[in-house]
Amino acid sequence: MEGKLKKFGFEVSEKIEKDPPSYSIKGVVSFLNEITNEDDRRLAISLGLGDPSRFKCFRTTAIAEDAVIEAIRSAKFNSYAPTGGIFPARKAIAEYLSNDLHYQLSPEDIYVTVGCKHAMEVTVKVLARPEANILLPRPGFRNYETFANLHHLEFRFFDLLPERGWEVDLDAVEAIADENTIAMVIINPGNPCGSVYSYEHLSKIAETARKLGILVVADEVYGHIVFGSKPFVPMGVFGSTVPVFTLGSISKRWLVPGWRLGWLATSDPTGLLRKCGIADSIKNVLGPAPLSPTFIQAAVPEILQKTTEEFFSKTIDILRAASALCYDKLKEIPSITCPQKAEGSMFVLVKLNLSLLEDIEDDMEFCLKLAKEESLVLLPGVTVGLKNWLRITFAVEQSSLEDGLGRLKSFCERHEKKP
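Numbering of residues begins from 1 in every chain and follows the order in which that chain's sequence is written. pLDDT decides what is reported in this predicted model: residues at 70 or higher carry local features, side-chain atom pairs at 80 or more are listed and counted, and totals for whole chains, interfaces and linings draw on all residues regardless. To get the side-chain values, take all heavy atoms of the structure and skip hydrogens and water.

**Regarding the overall build of the chain**
- Helix numbers and strand numbers start at the N terminus; a helix is a DSSP run of H or I with at least 4 residues, a strand a run of E with at least 2. For the chain, the helix and strand inventory stands at 13 helices and 14 strands.
- Every radius of gyration here is taken over C-alpha atoms, with the globule rule written as 2.2 Å times N^0.38, N being the number of residues. For the chain, whose C-alpha radius of gyration is 22 Å, the value lies close to the compact-globule estimate of 22 Å for 419 residues.
- Taking the principal axes of the C-alpha coordinates as reference, the chain spans close to 70 × 65 × 50 Å.
- Residues counted as buried form 55% of the 419 residues belonging to the chain.
- Here, two residues are considered to be in contact whenever any of their heavy atoms come within 4.5 Å of each other. In the chain, once contacts between residues fewer than 6 apart in sequence are set aside, the share between residues at least 24 apart is 75%.
- All accessible areas in this document rest on Shrake-Rupley with a 1.4 Å probe, and a residue is counted as covered only by the protein chains that are shown. On the chain, roughly 19,800 Å² of surface is accessible, and the fraction owed to carbon and sulfur atoms is 51%.
- The positive count covers Lys and Arg only, the negative count covers Asp and Glu only, and His and the chain ends enter neither. Lysine's charge is taken at NZ, arginine's at CZ, aspartate's at CG and glutamate's at CD. In the chain, 48 side chains carry a positive charge and 55 a negative one; their mean positions are 2 Å apart. Burial classes follow relative accessibility: with a 1.4 Å probe on protein chains only, a residue under 20% of its type's maximum area counts as buried, one over 50% as exposed, and anything between as partly exposed.

Next comes the structure, spelled out in structure tokens:
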């Protein structure tokens, strides 16, 4: 073919601004895993991801496994699922969530998603409109920010207060909200903080949202994973005060993140969301979206209805002990401050005192050197919106946790400034 070839339309022009560097949790953890010391005879330890299913002590219940096997062998669930999920799954999820409420959710209030991250994106896409904004917690889970960017929804941050158990700074929420604010996000139990909100604090969040005329998006993917003094209270309890989107999944409580079964529930006993057309919008967004595997959906009723308290209690006991161990060991490291012992989820957020350390500029450099020198991976706080903090995952085998915390202490001692 003679003459100058036409440039392909997908070739990036120099005039187009490139995307900013990614600070996704998986991306950063993968990178840190790759740079661990190959000459270190010790096994690399990762306390960076919230996926305990890799460890034998965090295996899911046989009830869940058998339910999936039965669904597959029945040969009844090899087809596409309908938009929003098959009826038995939606009914079972509605009943499961209603156990903690003073009203009943119906299957029509439930939308099955491909894990909780999909529920996040559906939420953002449904709420996005010109000039609207959404309020996000800092620190928080950066996927909300990613999805807001993707769907052109402005986001603003309100702070969580470490000195008050990572509660929402409600004064800040009121200060940054305006007539275009459409919703606020809370994550309870907290990722990355390990916090659990009290009934009283959730009630104040509901009243603030009602005053501002905004929806509450309650990310409860770690729902019921609590092991401190406060019980888990779902935001849906306050659905009569303010409409609530409840996001959840079986990933964490049942220890099966790879099964990709989540949900978005409209906790709205007054019916306001349906009257405003939000329910129809959710269906429209889900229409062309991917579907959770039909055989996993078919297993949901058995999983939710027949899993024993013994299984849940075993997981909680392991996490409670791990949280206490983590807190006690961290107190032995002067350059790290732990505001409070984690009471829920699988994480604790700790602050670096860089003034006590040599040759370390920030949390990212800390984690880079830690991976290279000790073959230990932690998550830098910048990935959750809080620079010079660290998120530590303690949902691992106890021996790995003890070893990892020992390596962390050795690293900090080696890098302490000399008097």
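**Describing the sheet that holds strand β11 (residues 347–352)**
- Strand pairing requires that DSSP identify at least two bridges connecting the strands. Taken together, the four strands give an open sheet; going across it, the order is β10-β11-β14-β13, and neighbouring strands pair in antiparallel fashion. Looking along the sheet, the strands with just one partner apiece sit at the ends: β10 (336–337) and β13 (379–380).

**Things to note about the pattern of salt bridges**
- By definition, a salt bridge exists where a carboxyl oxygen of Asp or Glu is found within 4 Å of a side-chain nitrogen of Lys or Arg. A complete count under the given rule lists 20 salt bridges for this structure.
- One salt bridge connects E65 with R59, and the closest N-O pair in it is separated by 2.9 Å.
- Classification of E65 as partly exposed rests on a relative accessible area of 22%.
- When salt bridges that share partners are traced, they join D40, R42, E373, E374 and R414 into one network.

**Re the packing of helix α3 (residues 87–98) against helix α10 (residues 294–306)**
- Between N-to-C directions, angles cover 0 to 180 degrees, with each direction set by a line fitted to C-alpha atoms, over the stretch in contact for helices. Look at α3 against α10: their axes get within 7 Å of each other, and the N-to-C directions meet at 25 degrees. The angle between the axes of α3 and α10 places the two elements in the roughly parallel class. Of the two elements, α3 crosses α10, and the hand of that crossing is left-handed. The residues of α10 that touch α3, namely those facing P88, A89, A92, I93, E95 and Y96, are Q297, V300, P301, L304 and Q305.
- Among the residues forming the contact of α3 with α10, the class breakdown is eight nonpolar, two polar and one charged. Each angle is binned into one of four classes, with values under 35 degrees roughly parallel, values over 145 roughly antiparallel, values of 65 to 115 roughly perpendicular, and all other values oblique. The sense of a crossing depends on the near helix, which, turned anticlockwise from the far helix by less than a right angle, makes the crossing left-handed and, turned clockwise, makes it right-handed. Note on residue categories: nonpolar means Ala, Val, Leu, Ile, Met, Phe, Trp, Tyr, Cys or Pro, charged means Asp, Glu, Lys or Arg, and polar means any other residue, Gly included.

**Observations regarding the environment of R142**
- With respect to the helices and strands, R142 occurs in the loop between β3 (133–138) and α5 (143–150).
- For R142, a relative accessible area of 23% corresponds to the partly exposed category.
- Considered as a pair, R142 and V384 are 242 residues apart in the sequence and their alpha carbons are 5.9 Å apart.
- With residues near it in sequence (within four places) discarded, R142 still touches V382, T383, V384 and G385.
- Here a polar contact is recorded for every N or O atom pair within 3.5 Å, except that within protein the pair must consist of a potential hydrogen donor and a potential acceptor, and residues adjacent in sequence are included only if both atoms are side-chain atoms. Of the polar contacts made by the side chain of R142, one reaches the backbone oxygen of V382; its length is 2.6 Å.

**A closer look at the UniProt feature "domain: Aminotransferase class I/classII large" (unreviewed entry) in the chain**
- UniProt positions are given in the numbering used here, feature names are shortened, and annotations may be inferred rather than shown by experiment. Mapped onto this numbering, the UniProt entry annotates "domain: Aminotransferase class I/classII large" (unreviewed entry) at residues 46–407.
- For residues 46–407, the helix share is 38%, the strand share is 17%, and the end-to-end C-alpha distance is 12 Å.

**As for helix α13 (residues 398–414)**
- Between the first and last C-alpha of α13 there are 24 Å, a value that for 17 residues agrees with the 24 Å anticipated at 1.5 Å per step.
- Within α13 the residues assigned to the buried category are L401, G404, L405, R407, L408, F411 and C412. The buried residues of α13 occupy an angular sector of 155 degrees when projected down its axis, which confines them to one face. Of the exposed residues in α13, those oriented more than 90 degrees away from the buried face are Q398 and S399. Working rule for helices: expected span equals 1.5 Å times residues minus one. For this quantity, the arc is that covered by the directions from the helix axis to the C-beta atoms.

**A word on the nonpolar core**
- Counting residues in hydrophobic clusters, the biggest one holds 142 residues, and the most contacted among them are V168, M184, I205, M235, L330, F366 and L408.
- Looking at which element gives the most residues to this core, the answer is helix α11 (residues 309–330), with eight residues.
- Once residues lying within four places of it in the same chain are set aside, the contact partners of M235 are I186, L202, I205, A206, V216, A218, E220 and V244. Put simply, a nonpolar core is a bunch of buried Ala, Val, Leu, Ile, Met, Phe, Trp, Tyr and Cys residues held in one set by side-chain atoms that sit within 4.5 Å of each other.

**Side note on the packing of aromatic side chains**
- Aromatic pairing here means that ring centres of Phe, Tyr or Trp (its six-membered ring) are within 6.5 Å. Orientation follows from the plane angle: under 30 degrees is stacked, over 60 is edge-to-face, and everything else is tilted. The tally for this structure, following the rule as stated, stands at ten aromatic pairs.
- Here the aromatic rings of W166 and W389 are separated by 5.3 Å at their centres, their planes lie at 70 degrees, and the arrangement is edge-to-face. Here the residue W166 occupies a position in the loop between β4 (154–161) and β5 (167–168), and W389 occupies one in strand β14 (residues 389–393), the gap between them amounting to 223 residues.
- Overall, W166 belongs to the buried group, its relative accessible area being 1%.
- Measuring from ring centre to ring centre gives 6.1 Å for F227 and F394, while their planes differ by 80 degrees; the resulting arrangement is edge-to-face. Residue F227 is found in the loop between β7 (215–219) and β8 (244–249), and its partner F394 is found in the loop between β14 and α13; the two are separated by 167 residues along the sequence. We note that F227, like F394, is buried.

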